[in-house]
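Working through the structure, step by step
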Amino acid sequence: MPVLFEGAQVPAHLTNIPISLISTSTDSANKYVKGKVIHKGPLVVSAADNFILKTVIQEDDSSQKPSINIVLFGDLAKSFSQSVNQGDVVVASGFQVGKSPTVRKDNHHACNLLLSKSDACIYVYHPQSPSDSKSPQASKRSSTCSAEVSQTTKAPKYTYVRLDNLKLSSTVNVYGVVVFFKLPHKSRGTHWCSTLKITDQSNLKIQCTLFCNKREDHPQIFQVGDIVRLHRVKTQSYEESIQLISAYGFAAVTFDGIVGRAVEPRTSSRSFQFHQEDQQKVEELRAWAASHSIVSATSTTIPLSATQPKAYFDLTCQLLAKAPIDTTCTLLRVWDGSQCPHTLLKVIVEPDSVEGPVSFSENKENLIANVLVYDNHVEFARQLKPGTFLRIFNLRAIPGSSRVPGLTSSQAVEHDHLAFHLHGGTSYGRGIQVLPENSQDVQELKSALEMFSKDKDDSGVSDSELMDIWCTPPETLDDEAVESCTERRCIHNIETVMLSQLKQCNDPLGSHHVRVQLSSFKPHRLHQALKLYCSKCSSLQDVPDDEVVNRVFSEASRNAELCSPPSWALSGKVNLPGISHGSSNRTLHIHSSSELLSEGKAKELIYIMGSSLEETCRLADGYQNIIPVRSSEGRLALLDWPAPFLFRGRKRYYGCKSCSEAAAVSEPSCEGVDVIDEKVIAEALQVQPLQFVLLMELQLQDATDTLDVFLWKHAEMFFNVSAEDVAANQEAQDHISRTMNALCPKGGSDGE
């Protein structure tokens, strides 16, 4: 049930969240809000003897600090009314966040806190007057409270040494404020190495050199001013001063160093300890660093909109896509929601080499920066996933002309542009750090990106994306019949307008009725109108060419390894007759679900290994679902992109490379499923399926003007045929071709 404590300490597992950072999306678990009561409303009795009370708290005495309404319910409201006075300091936990209906009236926070659940708690601290603090009664209360705290609070396990008390050749635990750091990098041996300098209230600056087997075991430092806790570091002499070296059992925890932010430990360890004393040390170091200007007032982290030529800076951004340039360089496409005022370097890469969306809307493209990452940073950059939030340290903005490495044949020299380079080495802390999504910097960046999405309506594929994406045809299709519709008449009452009127219309996004002729269309090779669309990331890409897909099958077949089948699978072989007379038969390895075999459904789903694309297509005539697989580290895995993850007869199903999980092949759950289809299989394989769509650019004309339009979302309705059928059916393609030739004959257009 809800509880009110007077004078008790806040539990160590709770962390403070500033009022200014509260929103309706805030995760309130293990969080508390602290403030001074500036208003206490009356206790209101509602039906069934339930109580409600409203109070307002503010973070400190300053009228400039944010304040927020708190609504208490039940016995907690009654206890609050009896025990709390205006001017008391309270801590609230176990709250829910809701929208404040009185924000325009009282000018408090746009949200309010609701304390009604069983885990809701209020901790109350009454201010003491000077005279009261000297009285025997006050002394008695103080000693009693101290005794209670000492009995309920465990003594800290570790002791910490101030930096001015360090002695040579001893192993110690320390706290410190980071004044300089280099991100972890590979040492000459097998370890990862990082370097940092820390200070504390002694004003001494101590260098630390840390070695760990894993990169993630190093302190997760995001910026100068962060606070680190280092356990088991050894002191040794270095250039007539003391430095700290990681010793056996070394462990590190990092905290945000900005006053007012939540004290949330950052560490890869699952067994670290964090007590009230630790929180107190962090807050003391925060306050000391802020009052002594330990951190420079001029931040090196700046947005793209503030970048200047020849400058070195740190960039907080989101990774949208990446591509290898050569063995020493990788391209990162990033944005932070702001636009650089200078013309930026354009980098042309092969679409097949890009991980993430190949193209973006015109509005979004204007905000994207191409960052070229070199040398020792390449390995880490290639492990990053699109969508990750990053901080890139010591990024250089280089003006003038430049040629992109590895692309000299296709990339022309560009003049009067700005290029972003992350050079090799670790000087000046140069490197890349992944930021967790719950960090304050990422939350602020997300807000900026969300504002862009709202302003620019960037929810789907834009016209500029559509114009750039004509490409290769799918393989030859079969001759199944498709229902044809040669004429469709309007069944609405919208008044007809001329194209010139439409272009001047104040509501271009509304519905309009025009009577026009089709003067031209693209692509002229209609099989190129077939595309693959991802509903999750809104990327649009070409259907992979058979030659490219066949190379993936061939490479997987050449590199076939022995693989132990999973426990749910039974292994077997299938003989495939030779293609031509006199050619030998082929024996292919297959796996099947033991559950399906027991139900007599062996042909509903098989996993095939070592086959070519042509052989897989031939087998698809005899099995309902075929999943091509390969061996990876001794277990079954899907073939690399752009191979289809599933063959169903003549139809192929592809997955989005960016949005699919790289997981081991698992058995589809058939419980309660009548038909094993592509949706069931995609879910089991953790694949984000791509949808076939039709995309065409049409030029319309009437007596007054011309208009270029895209036929995409309504293309299937327009042609009365599905894009999926077009991908697997030659007659469906012929139907589209006949329709377009009727509307726009080669000798001139007379179709409406």
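Refer to the preceding data block for the structure.
This section reports on the structure supplied with the text. (Residues numbered from 1 in each chain as written. Predicted model: local features only at pLDDT ≥ 70, side-chain atom pairs only at ≥ 80, totals over all residues. Heavy atoms only, no water.)

1. Focus on the overall build of the chain
- Looking only at helices and strands, one finds 17 helices and 34 strands in the chain.
- Considering only contacts in the chain between residues 6 or more positions apart, those separated by 24 or more positions represent 66%.
- For the chain, the exposed surface amounts to about 39500 Å²; the carbon and sulfur share of it is 48%. (Helix = DSSP H or I, 4+ residues; strand = E, 2+ residues; numbered from the N terminus. Contact = heavy atoms within 4.5 Å. Areas by Shrake-Rupley, 256 points an atom, 1.4 Å probe, with all protein chains shown as cover.)

2. So, the state of the cysteines
- Enumeration over the complete set of coordinates arrives at zero disulfides.
- The thiol of Cys659 is not disulfide-bonded; the next cysteine sulfur, from Cys537, is found 3.6 Å away.
- Residue classification places Cys659 among the buried residues on the basis of a relative accessible area of 16%. (Disulfide = S-S within 2.5 Å. Buried < 20%, exposed > 50% of the residue type's maximum accessible area, 1.4 Å probe, protein only.)

3. Quick look at the environment of Leu390
- Its location among the elements puts Leu390 in strand S19 (residues 389-402).
- Spatially, the C-alpha atom of Leu390 lies 9.7 Å from that of Phe222, the residues being 168 residues apart in sequence.

4. Observations regarding the side chain of Arg229
- By the element assignment, Arg229 lies in strand S14 (residues 227-238).
- Among the residues examined, Arg229 registers a relative accessible area of 3% and is labelled buried.
- Among the polar contacts listed, one links the side chain of Arg229 to the side chain of His231, at a separation of 3.4 Å.
- Of the polar contacts made by the side chain of Arg229, one reaches the backbone oxygen of Gln273; its length is 2.8 Å.
- When neighbours within four sequence positions are excluded, Arg229 is seen to be in contact with Tyr160, Val174, Tyr175, Ala251, Ala252, Val253, Phe255, Phe272, Gln273, Phe274 and Asp278. (Polar contact = N/O pair within 3.5 Å; in protein donor to acceptor, adjacent residues only side chain to side chain.)

5. Topic: the packing of aromatic side chains
- Taken as a whole and assessed by the stated rule, the structure comprises eight aromatic pairs.
- Here the aromatic rings of Phe181 and Phe393 are separated by 5.2 Å at their centres, their planes lie at 90°, and the arrangement is edge-to-face. Here Phe181 is found in strand S11 (residues 171-186), whereas its partner Phe393 is found in strand S19, with 212 residues between them in sequence. Across this residue pair, the class does not change: Phe181 and Phe393 are buried.
- Each ring, one from Phe553 and one from Phe647, has its centre 6.2 Å from the other, and the planes form 70°; the classification is edge-to-face. Of this pair, Phe553 sits in helix H11 (residues 546-558) while Phe647 sits in strand S30 (residues 646-648), and the two are 94 residues apart along the sequence.
- Through pairs of rings, three or more aromatic residues link up here, namely Trp641, Tyr654 and Phe692.
- Sitting over the ring of Phe222, Arg266 keeps its end group 3.9 Å from the ring centre. (Phe/Tyr/Trp six-rings, centres within 6.5 Å; stacked < 30°, edge-to-face > 60°. Lys NZ or Arg CZ within 6 Å of the ring centre and 35° of its normal.)

6. Regarding the sheet that holds S14
- As summarised here, the arrangement of the five strands in space is S11-S12-S13-S15-S14, forming a closed barrel in which the pairing is mixed. Strand after strand, the sheet turns through a mean of 50° between neighbouring axes, direction not considered.
- Of the pairings in the sheet, the one linking strand S13 (residues 205-212) to strand S15 (residues 241-255) comprises three bridges and is parallel in character. Looking across to S15, one finds that Thr209 is bridged to Ile245. (Pairing = 2+ DSSP bridges. Axes fitted to C-alpha atoms, helices over the stretch in contact; angles between N-to-C directions.)

7. Looking at unusual backbone geometry
- At the junction of Lys522 and Pro523, the peptide bond is cis and its omega measures out at -5° in the coordinates.
- Residue position: Pro523 is located in the loop between strand S22 (517-522) and strand S23 (530-533).
- Within the chain, Ser169 stands out as a residue other than glycine whose phi angle is a positive 60°.
- Checked against the element boundaries, Ser169 lands in the loop between helix H4 (136-152) and S11.

8. Some remarks on the environment of Glu555
- Within the secondary structure, Glu555 is located in helix H11.
- Each C-alpha atom, one on Glu555 and one on Asp640, is 9.8 Å from the other, the two residues being 85 residues apart in sequence.

9. Brief notes about the sheet that holds strand S32 (residues 691-694)
- Judged by pairing direction, the sheet is antiparallel, and its three strands sit side by side in the order S24-S23-S32 without closing on themselves. Here the strands that pair on one side only, and so sit at the sheet edges, are strand S24 (540-542) and S32. Put simply, the sheet's adjacent strands are angled 45° from each other on average, direction ignored.
- Examined bridge by bridge, S23 and S24 share three bridges and lie antiparallel to one another. The residue bridging Tyr533 from the neighbouring strand is Leu540, located in S24.

Keep in mind these numbers describe shape, not what the thing actually does.
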